[in-house]
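Results of the structural survey
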Amino acid sequence: MLERTLWVSALSALPSNELIEITSKLSEGWTLRPKSVPQAGLGMLQIKDSAFHQAFYLGEFPLASAWLEVTTLDGRRAEGAAQVMDDCIEIAEALALCDAILSAQLPGWEKVSMMIEKGLTLRNTINKERKMMLARTRVDFSLLDDTGNGEGLNNVES
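Presented here is an overview of the structure given in this document.

Okay, the overall build of the chain next. For the chain, the count of helices and strands is 4 helices and 3 strands. Along the chain, helices and strands appear, N-terminal first, in the series α-α-β-β-β-α-α. For the chain, the residues scored as buried account for 28% of the 158 residues in total. Partitioning the intrachain contacts of the chain with sequence separation of at least 6 by distance along the chain shows that 56% fall at a separation of at least 24. For the chain, the exposed area adds up to about 10900 Å²; of that, 54% sits on carbon and sulfur atoms.

Right, dumping it as structure tokens:
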């Protein structure tokens, strides 16, 4: 099984409506109690410069987080949490629910595991496509030295 730190990344590759629909079906009749208030907003990326060690903000990114406690119909309890670069609380809650289901192997954990595998396959496909696009845009600057007529950039008279 994939390590826990990669679950959110794999599940985030799935269409959000599919993720929310599946998790709502899996948790039908369960009690979901927030351990903290789910939030969505902007995060700030702070970096310290290497010369003066002063902090500056590089930019903003969307961030949603959720931490919840799940109680199944048979009384089993588990906690799950998620932080995702998205502006939708429902997605963070669905990811936190998947975290709880899979970590405690609650009913439906096999379905969540299959969703993670599907998401991981989608992530790998996207990464391959990006690498192919990057390879097509690569420039060989060594060709600039040779103009083909023996008068390269290094042979220019001043």
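What follows concerns the pattern of salt bridges. Within this structure, the stated rule accounts for 6 salt bridges. Residue Glu 69 is joined to Arg 33 by a salt bridge in which the shortest nitrogen-to-oxygen separation is 3.2 Å. Within this pair, whereas Glu 69 is found in strand S2 (residues 55-71), its partner Arg 33 is found in strand S1 (residues 31-48), the two being separated by 36 residues in sequence. For Glu 69, a relative accessible area of 11% puts it in the buried group. On the basis of relative accessibility, which here comes to 40%, the residue Arg 33 falls in the partly exposed class. When salt bridges that share partners are traced, they join Arg 33, Glu 69 and Arg 77 into one network.

A word on the sheet that holds S1. Pairing is antiparallel across the open sheet formed by 3 strands, whose spatial order is S1-S2-S3. Two strands close off the open sheet at either side, each with one partner strand: S1 and strand S3 (77-84). Averaged over neighbouring strand pairs, the angle between their axes works out to 15° when direction is ignored. As paired elements, S2 and S3 share 8 bridges and run antiparallel to each other. Residue pairing across strands places Ala 66 opposite Ala 82, the latter belonging to S3. Lying over the sheet, helix H3 (residues 89-104) contacts S1, S2 and S3, oriented at roughly 135° with respect to S3.

On the surface, Leu 45, Ile 47, Phe 56 and Leu 58 cluster together into a nonpolar patch covering about 340 Å² of accessible area. Of all the elements in the fold, those that place two or more residues in the nonpolar patch are S1 and S2. Tracing the sequence through the fold places Phe 56 in strand S2.

Cut-offs applied
- Residues numbered from 1 in each chain as written.
- Predicted model: local features only at pLDDT ≥ 70, side-chain atom pairs only at ≥ 80, totals over all residues.
- Heavy atoms only, no water.
- Helix = DSSP H or I, 4+ residues; strand = E, 2+ residues; numbered from the N terminus.
- Buried < 20%, exposed > 50% of the residue type's maximum accessible area, 1.4 Å probe, protein only.
- Contact = heavy atoms within 4.5 Å.
- Areas by Shrake-Rupley, 256 points an atom, 1.4 Å probe, with all protein chains shown as cover.
- Salt bridge = Lys/Arg side-chain N within 4 Å of Asp/Glu carboxyl O.
- Pairing = 2+ DSSP bridges.
- Axes fitted to C-alpha atoms, helices over the stretch in contact; angles between N-to-C directions.
- Patch = residues over 30% accessible without salt bridge, like charges linked within 9 Å, V, L, I, M, F, W, Y side chains within 5 Å.

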